[in-house]
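What follows is each chain in one-letter form.
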Amino acid sequence: MKKILFVVESLSGGGAEKVLLTLIKNLDKSKYNITVFSIVKTGVYAKKIEKNCNVIYGLKEYSDYYNFFGKLYYKIKMKMIYGINTKIIYRWLIKGKYDIEIGFVEGFATKFVAASNNKMSKKITWVHIDMITRPYTDKYYRNLNDQINTYKNYNQIICVSNDVKKQFENKFKISTNVTVLYNPIDNNVNVYKKEYVLLENDIVFCTVGRLEYQKGYDRLIKAVSKLKKNKFFFRLNIIGEGSQRKRLEMLIEKYNLQEYIKLYGFLPNPYEIMSQSDIFICSSRSEGFSLVIAEAMILGIPIMTTNCAGPYELIEGGKYGLLCENNTNSLIDNMQYILNNKNRMHSLNCSILFLLLFKSVLITPVSWRYSINIFKCSGKM
């Protein structure tokens, strides 16, 4: 039985963490002994992942440290984890040996696994983002060469879309052992799949994601405000939680959009709300794959998305959805087009499930064998 270690910073409500849960739930437990190491014990997926594998935390949740000294300890240890030489931190926090070590999210988790003192383990890292348009990982490294040398420690580098792979190779000039593996999607999504039905009155838009700057919900709210001024009426459901919630609530209040927009917060099962929508909108400034677009396609919901890496690839440049430029004005124009052409929305709902069967990995006994090949490290195991 192979011992696998996944490393993440937290188990929050992002797409990468959801993919991790799907992977762990569907890996053959008779072949793999799975451990997840999370820097911090926090996140909406923590309890679900704990039910499916061993979980180790570097730190408990901040709220678990009740007094002044406990909270001070938390802050000091956190600074040590991110501030001391990564090789020392790895030896401090990781006990035992693993056959496969996976930095499942680019950034610190990737740097952490690359510092492993286990010479015998096969090392894999995931890249979920466009590393050029969203270079947030640079802060973990001294310079570009430091980051390049980190990736050279890996036996395999997995990118979640072809555009992500292209941008990765452009930035780091690394092409050896770089491959594309689309995010797996749990078959439970299919429970909510519906035939396309357009509501007679209001159009219902829906979007799902963390409430962060990357997702572009600030400009989506501004687009709704403009369309309200143009005398359109419709609904927008936003499912997700994040650090920008207060700001988004202030924007909704500022533009008096309470009748137009509802913030649902994080929902462990968003598909029931999604399946009642007429259009799924991705307003992101950048994406790697966009798991929720793939899920919306399986649900049979027409797609409108900004032009960024993964979404462009999923809808094949506009063949399987409405592609708009990556700015507020284009969001306004395309939403207005939809509102003016309700009877043509069915044309966006082309053979989506057929497309997904080829472009993504639905969790089935046959297709999962394709996904599990990642752990063979291109035959190097």
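Just so we're clear, the structure is a prediction, and the values are computed from it rather than from any experiment. (Residues numbered from 1 in each chain as written. Predicted model: local features only at pLDDT ≥ 70, side-chain atom pairs only at ≥ 80, totals over all residues. Heavy atoms only, no water.)

1. Brief notes about helix α13 (residues 328–340)
The end-to-end C-alpha separation of α13 is 18 Å, in line with the 18 Å expected for 13 residues at 1.5 Å each. Buried residues of α13: S330, L331, I332, N334, M335, I338 and L339, and no others. Between the side-chain oxygen of the N-cap and the backbone nitrogen of N329 there are 3.3 Å, and the N-cap of α13 in question is N327. (Helix = DSSP H or I, 4+ residues; strand = E, 2+ residues; numbered from the N terminus. Expected span 1.5 Å × (residues − 1). Buried < 20%, exposed > 50% of the residue type's maximum accessible area, 1.4 Å probe, protein only. Polar contact = N/O pair within 3.5 Å; in protein donor to acceptor, adjacent residues only side chain to side chain.)

2. Thoughts on the nonpolar core
In terms of nonpolar packing, the biggest core is built from 89 residues, with F6, F104, F168, M274 and F280 touching the most fellow members. Residues L227, L236, L251 and L331 belong to the second largest nonpolar core, which totals 30 residues. (Core = buried A, V, L, I, M, F, W, Y, C linked by side-chain atoms within 4.5 Å.)

3. Notes on helix α3 (residues 68–83)
If you check α3, its first and last C-alpha atoms are 22 Å apart, about what 16 residues at 1.5 Å a residue would give, namely 22 Å. Residues G70, Y74, K77, M78 and I81 constitute the buried set of α3. One side of α3 carries all its buried residues, which in axial view fall inside an arc of 105 degrees. Projecting away from the buried face of α3 at angles above 90 degrees are the exposed residues F68, F69, K79 and G83. Buried positions along α3 lie against β2 (32–40), β3 (54–59), α4 (86–93) and α5 (108–114). For α3, the capping residue at the N-terminal end is N67, with a side-chain oxygen 3.2 Å from the backbone nitrogen of F69. (Arc of directions from axis to C-beta. Contact = heavy atoms within 4.5 Å.)

4. Some points on the pattern of salt bridges
Summed over the entire model, instances satisfying the criterion amount to 10 salt bridges. E241 serves as the salt-bridge partner of R245, at 3.1 Å between the closest nitrogen and oxygen. As a salt-bridge pair, E249 and R245 come within 3.0 Å of each other at their nearest N and O atoms. Of this pair, E249 and R245 both sit in helix α9 (residues 245–254), four residues apart, which is roughly one turn of that helix. (Salt bridge = Lys/Arg side-chain N within 4 Å of Asp/Glu carboxyl O.)

5. Some points on a nonpolar patch on the surface
A cluster of nonpolar side chains, contributed by F68, F69, L72, I76, M80, I84, I88 and W92, occupies part of the molecular surface with about 780 Å² of accessible area. Within the residue set of the nonpolar patch, elements represented by two or more residues are α3 and α4. A total of five residues in the nonpolar patch trace back to one element, the largest contributor, which is α3. Position of I84 among the secondary structure elements: in the loop between α3 and α4. (Patch = residues over 30% accessible without salt bridge, like charges linked within 9 Å, V, L, I, M, F, W, Y side chains within 5 Å. Areas by Shrake-Rupley, 256 points an atom, 1.4 Å probe, with all protein chains shown as cover.)

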